[in-house]
Amino acid sequence: MQLSFSARSSRTPSFFPSMRRRFATSACVAVLASVFAVGAAADAPETPSSDVALRGKLDVRNVLRDGDRVREPILMVGSRVYALEGAADVVEALVSWRRKFVDLDGVDVPDVGEANEARVTIGSLDDCAVQEPVALEGVVTASESDAKKRTTTYAIVRGDRRYVVADSSDIRKLKAFEGKNVVVKAQIADDGSVGAVESVDDVERKLLPGEREPRNQKEAIAGNWKGVLDVKKLPSNPGGSGKGKYPVAVTILDDGEGASGKVFGRYTVERIRLRKFRAKTRALEFDIEYSLPQGGTYSIMLDGAFTADWKTLEGSWSSSFLGSGDFQFEYGADRES
């Protein structure tokens, strides 16, 4: 059953760059391209604007009209169907674009509400364009859609918009990025309320401001760290400590060795020595070498692991001079030690 809507909705602006191929007649084709690229600058790129009102995958179905069987182009946006109508040349071109993703601008998108189908009138082929793969940035999410069947729905979420990923091959490409912000190059369906992603060509991890995801042990430890060494056991000949918590503030250079700062609030950090790193469990063993005011260099051996966000490092420590106990360091890229 088809439902017809004529009221124009207030559409959510689309967030994607677009490239259009304009079609004038079946005898000639004029191409007009407009490309918006997402920059790779350090600052977050501005969201590109677009006048695309409706985009999705074209299909064709047979319908009876005035007793005749005719081919009707439809635009699929997720499970929602938009029946497309217009002049004969428009319908003929749209039928020939079957199985292609298409961008439609200059059209009135009806307020569909809860309905699964609506009609859209296309005024001119100038309002139609075959969609090139576009870049979509968002966080990959997974939610249980059917507990009995144990099915999971994957989507890319950008702000308050959700773009469902249905194809199993596309899901396989995105599974490893669950919970992470990515930029995908894919075909997009979007009507301002419902969205879908298909034919994922590329997935690139993109860190949000403040996120950490180190590739190796040096990146994992580099930066500014502040925390405490909790002395729970003293050596047989105690040095400059008693039981309790003592501050640590250390800045570690990108080489994973050069360092500065203070341990116990008074001993100067000289360098860091990395001993073992296991990326899968985020475990790290390392030494902090420090010197006393009157001379002499000592080491604190630390064995710990990073939290999932790589911003907290905690575990146990030991030192022949200071004792042993637990530690916890917090990462702060913009803080001074």
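Notes on the structure follow. (Residues numbered from 1 in each chain as written. Predicted model: local features only at pLDDT ≥ 70, side-chain atom pairs only at ≥ 80, totals over all residues. Heavy atoms only, no water.)

### Some words on the overall build of the protein chain
Counting its regular elements, the protein chain contains 3 helices and 19 strands. Looking at the protein chain as a whole, 43% of its 337 residues qualify as buried. In the protein chain, the proportion of contacts linking residues at least 24 apart, taken out of those at least 6 apart, comes to 54%. (Helix = DSSP H or I, 4+ residues; strand = E, 2+ residues; numbered from the N terminus. Buried < 20%, exposed > 50% of the residue type's maximum accessible area, 1.4 Å probe, protein only. Contact = heavy atoms within 4.5 Å.)

### Structural notes on the packing of aromatic side chains
One pass over the structure, following the stated rule, counts 12 aromatic pairs. Ring geometry for Trp225 and Phe306: centres 5.9 Å apart, planes at 50 degrees, overall tilted. Residue Trp225 is found in strand S12 (residues 223–233), and its partner Phe306 is found in strand S17 (residues 297–306); the two are separated by 81 residues along the sequence. Residue Trp225 is classed as buried on the basis of its relative accessible area of 1%. We classify Phe306 as buried; its relative accessible area is 3%. Ring geometry for Tyr290 and Tyr298: centres 6.0 Å apart, planes at 25 degrees, overall stacked. Looking at Tyr290, the relative accessible area reads 0%, which means it is buried. Judged by its relative accessible area of 29%, Tyr298 is partly exposed. Feature note: the residues Tyr246, Phe264, Tyr267, Tyr290, Tyr298, Trp317 and Phe321 constitute an aromatic cluster, connected by ring pairs. Cation over ring: Arg212 sits above Tyr331, and NZ or CZ is 4.0 Å from the ring centre. (Phe/Tyr/Trp six-rings, centres within 6.5 Å; stacked < 30°, edge-to-face > 60°. Lys NZ or Arg CZ within 6 Å of the ring centre and 35° of its normal.)

### Concerning the pairing of strand S2 (residues 68–77)
Sheet topology note: the strand S1 (residues 52–65)/S2 ladder contains 9 bridges and is antiparallel. Bridged to Arg65 within S2 is Asp68. Where S1 folds back on S2, the antiparallel hairpin that results is connected by 2 residues, among which Asp66 adopts a positive phi of roughly 55 degrees. The hairpin turn running from S2 into strand S3 (residues 80–86), its antiparallel successor, is 2 residues long, and Gly78 in that turn takes a positive phi close to 65 degrees. (Pairing = 2+ DSSP bridges.)

### Let's talk about unusual backbone geometry
Residues other than glycine seldom take positive phi values, yet Asp66 does so here, at roughly 55 degrees. Mapped onto the elements, Asp66 comes out in the loop between S1 and S2. On the basis of relative accessibility, which here comes to 78%, the residue Asp66 falls in the exposed class. Phi angles above zero are rare outside glycine, and Ser199 is one such case at about 55 degrees. On the secondary structure map, Ser199 appears in strand S11 (residues 195–205). Ser199 sits in the partly exposed class, given a relative accessible area of 42%.

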